[in-house]
Amino acid sequence: MELRHLRYFVAVAEAGSLTVAAERILHTSQPSLSRQIRDLEQEVGTQLMTRTARGIELTPAGRAFLDHARSVLSQVEAAAEAARRVAHPAKPCFTMGFLTGHELGWMPEAMKILRDELPNIDVMISSQYSPLLADGLTKGKIDAAFLRREKGVPGLAFRLLVKEPLMVILPSDHPLAARQVIGPRDLVGETFVSVSHTAPVLRTVIDDYLKRSGTKITAAHETDHVAMGISLIASTRGVGLLPAYAQNFLPSSVTSRPLKGYPPTVELVLGYKKSNESPILKLLLSRLDELVARASNKTR
């Protein structure tokens, strides 16, 4: 008895037809397949299949044999896969998450550090809102993420990367664009584009800043991410407050101006799960100062 006999038998049993199994599954001739089944039955010592008007039916002995044949084939495949894994071990996989829009400045530098030290790793990238990245870290789906310092996630640790000042983003031909700096009171009466609760940390920074400034502004629109915010500002001729990295994505019709005085800042941090023992994560954390320096030099 050979493995091919078992494969042929299982194929016929599952197809319910010698013709179908031969032509569509095994790609052999029906006479040859019939002969292989007869050889198998002779080896087993009993009839396993009978022909009927509807095709092939298993005998009671055939039904019992089918379960064991499937089990044998499954074990053979498992043994082959185990051998392949030993001969060709899978590359270690590391998943990095990026707050949407920050890939441009941080991903190339992080990849250089990892690939210089560990060329034989697979790096997966996930671009999400910050709260979703924090959730991915908590659930172990992401190893390290460039995100905001989210609250309510005690299992995570955060390392500061940079504090970004907020900038006023507005159309290039807007009257306020003629100014060198813009104060919060200058925004009163303008079509104000704020951020939605998909960015709770940034939303809190903006709201707190306006409150401390004694400026009451009702948002006309809310945006989920930087690209959407810039688009809304351009299309509504509105103004908005966004982190400095938004300047990397401004078209010629939109510009930025610094806030007067001491502008508020929002932190970008590297987050990771405290219990994550990944050696790749440890390498990235050990080179964090270098990563910040590289990214800083790139944006100058």
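Description of the structure in this document.

All right, on to the overall build of the chain then. For the chain, the helix and strand inventory stands at ten helices and eleven strands. Taken along its principal axes, the extent of the C-alpha atoms in the chain is 95 × 45 × 35 Å. Burial statistics for the chain: of 300 residues in total, 43% are counted as buried. Looking at the chain as shown, the accessible area adds up to about 16100 Å², and 52% of this sits on carbon and sulfur atoms.

Time to look at the pairing of strand β2 (residues 55-58). With four bridges connecting them, strand β1 (residues 49-52) and β2 associate as antiparallel partners. Residue pairing in the sheet places Thr52 in a bridge with Gly55 of β2. Between the end of β1 and the start of β2, which pair antiparallel, lie two residues.

Below, the discussion takes up empty space enclosed by the protein. Take a probe with the size of a water molecule and roll it over the atoms, and the empty space left behind shows itself. Scanning the model with the defined rule gives one cavity of 30 Å³ or more in all. Approximately 190 Å³ is the volume found for the largest cavity. Lining the largest cavity are 16 residues, with Leu99, Ala199, Asp224, His225 and Tyr245 positioned closest to its centre. Grouping the amino acids of the lining of the largest cavity by side-chain chemistry returns nine nonpolar, five polar and two charged.

Let us now look at the packing of helix α1 (residues 3-15) against helix α2 (residues 18-26). Following both chains from N to C, one finds α1 and α2 inclined at 115°, their axes separated by 8 Å at the closest point. Between α1 and α2 lies a crossing whose hand is right-handed. In this structure, α1 contributes Tyr8, Ala11, Val12 and Ala15 to the contact, and α2 contributes Leu18, Val20, Ala21, Ile25 and Leu26. Here the contact of α1 with α2 is built from residues that sort into nine nonpolar, no polar and no charged.

Side chains that differ in sign of charge can pair as their charged atoms come close. Tallied over the entire structure, the rule returns 15 salt bridges. Of the charged contacts in the structure, one is a salt bridge between Asp207 and Arg203, with a shortest N-O distance of 3.1 Å. Linking Asp207 with Arg203, this pair stays in helix α7 (residues 200-212), spanning four residues, or about one helical turn. Look at Asp207 and you get partly exposed, because its relative accessible area is 36%. Judged by relative accessible area, which is 15%, Arg203 ranks as buried.

A few words now on the layout of surface pockets. Estimates place the volume of the second largest pocket at around 200 Å³. If you trace the second largest pocket, you find it lined by Arg149, Glu150, Lys151, Pro200, Val201, Thr204, Val205, Thr265, Val266 and Glu267. Of all elements in the fold, only α7 and β11 (265-273) reach the threshold of two or more residues within the lining of the second largest pocket. If you tally residues by element for the lining of the second largest pocket, the top one is α7, at four residues. For the lining of the second largest pocket, the class distribution of residues is four nonpolar, two polar and four charged.

The backbone of Arg237 sits at a positive phi, close to 55°, despite the residue not being glycine. Mapped onto the fold, Arg237 is located in the loop between α8 (226-236) and β9 (239-243).

Reading guide: rules and limits
Residues numbered from 1 in each chain as written. Predicted model: local features only at pLDDT ≥ 70, side-chain atom pairs only at ≥ 80, totals over all residues. Heavy atoms only, no water. Helix = DSSP H or I, 4+ residues; strand = E, 2+ residues; numbered from the N terminus. Buried < 20%, exposed > 50% of the residue type's maximum accessible area, 1.4 Å probe, protein only. Areas by Shrake-Rupley, 256 points an atom, 1.4 Å probe, with all protein chains shown as cover. Pairing = 2+ DSSP bridges. 1 Å grid on protein atoms, 1.4 Å probe; cavity = no way out; pocket = protein on both sides within 12 Å on 5 of 7 lines; lining within 4 Å. Points joined across faces, edges and corners; volume = space filled by probe spheres on them. Nonpolar A, V, L, I, M, F, W, Y, C, P; charged D, E, K, R; others polar. Axes fitted to C-alpha atoms, helices over the stretch in contact; angles between N-to-C directions. Left-handed = near helix turned anticlockwise from the far one by under 90°. Contact = heavy atoms within 4.5 Å. Salt bridge = Lys/Arg side-chain N within 4 Å of Asp/Glu carboxyl O.

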